[in-house]
Amino acid sequence: MKTILTVIGKDQTGIIAGISQKLYELDINILDVSQTIMDEYFTMIMLLDLSKIHVTFDEVKTALIQTGEKLKVKVNLQREEIFDAMHRL
């Protein structure tokens, strides 16, 4: 299953490292990534492959949101098919 991960927050060191470490711990592969600094805000979008996870999607989502809270950034995770359906008009 593919998912879209977004991360937004005040720029600071360690955001990419923290999110990437959690993805590694959950056995999630990063397929594509785009990140930038807009003024003083960090933004990142990742396309992820969850085909090897050993927990539920909801557990992954909770773990990533908690990681974001520790890093003081907003994390959102959506299934690719839902993301595609929301943006098709």
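Scroll up to find the structure this text is about.
Residues numbered from 1 in each chain as written. Predicted model: local features only at pLDDT ≥ 70, side-chain atom pairs only at ≥ 80, totals over all residues. Heavy atoms only, no water.

So, the nonpolar core
At step 1: Core analysis: the largest hydrophobic core is formed by 21 residues, its most contacted members being L5, V7, I19, I28, L48, V60 and L64.
At step 2: Among the elements that make up this core, the one with the highest residue count is helix 2 (residues 57–71) (five residues). (Core = buried A, V, L, I, M, F, W, Y, C linked by side-chain atoms within 4.5 Å. Buried < 20%, exposed > 50% of the residue type's maximum accessible area, 1.4 Å probe, protein only. Helix = DSSP H or I, 4+ residues; strand = E, 2+ residues; numbered from the N terminus.)

Points about the pairing of strand 2 (residues 29–38)
Each regular strand displays side chains that alternate between the two surfaces of the sheet.
At step 1: Relative to strand 3 (residues 41–49), strand 2 runs antiparallel, the two sharing nine bridges. Looking at the pairing, D32 lines up with L47 of strand 3.
At step 2: Between the end of strand 2 and the start of strand 3, which pair antiparallel, lie two residues, with D39 showing a positive phi angle near 60°. (Pairing = 2+ DSSP bridges.)

A few points about the side chain of T67
At step 1: Relative to the elements of secondary structure, T67 occurs in helix 2.
At step 2: Judged by relative accessible area, T67 falls into the buried class, the value being 9%.
At step 3: Those residues in contact with T67 that sit more than four places away from it in its chain are G18, I19 and K22. (Contact = heavy atoms within 4.5 Å.)

Observations regarding the packing of helix 1 (residues 15–25) against helix 2
At step 1: Packing of helix 1 against helix 2 leaves a shortest axis separation of 10 Å and a crossing angle of 155°. Taken as axis vectors, helix 1 and helix 2 run roughly antiparallel relative to one another. Where helix 1 crosses over helix 2, the handedness of that crossing is right-handed. Side by side, helix 1 and helix 2 meet where I15, G18, I19, K22 and L23 of the first sit next to A63, L64, T67 and L71 of the second.
At step 2: Here the contact of helix 1 with helix 2 is composed, by residue class, of six nonpolar, two polar and one charged. (Axes fitted to C-alpha atoms, helices over the stretch in contact; angles between N-to-C directions. Parallel < 35°, antiparallel > 145°, perpendicular 65-115°, else oblique. Left-handed = near helix turned anticlockwise from the far one by under 90°. Nonpolar A, V, L, I, M, F, W, Y, C, P; charged D, E, K, R; others polar.)

Regarding the pattern of salt bridges
Side-chain pairs of opposite charge can arise whenever the charged atoms involved come near each other.
At step 1: Under the definition given, this model contains two salt bridges.
At step 2: One salt bridge connects E25 with K22, and the closest N-O pair in it is separated by 3.0 Å. Note that E25 and K22 are positioned in helix 1 at a spacing of three residues, about one turn of the helix.
At step 3: E25 sits in the partly exposed class, given a relative accessible area of 48%.
At step 4: Under the relative-accessibility criterion, K22 is labelled partly exposed at 22%. (Salt bridge = Lys/Arg side-chain N within 4 Å of Asp/Glu carboxyl O.)

Just distances and angles here, no functional claims.
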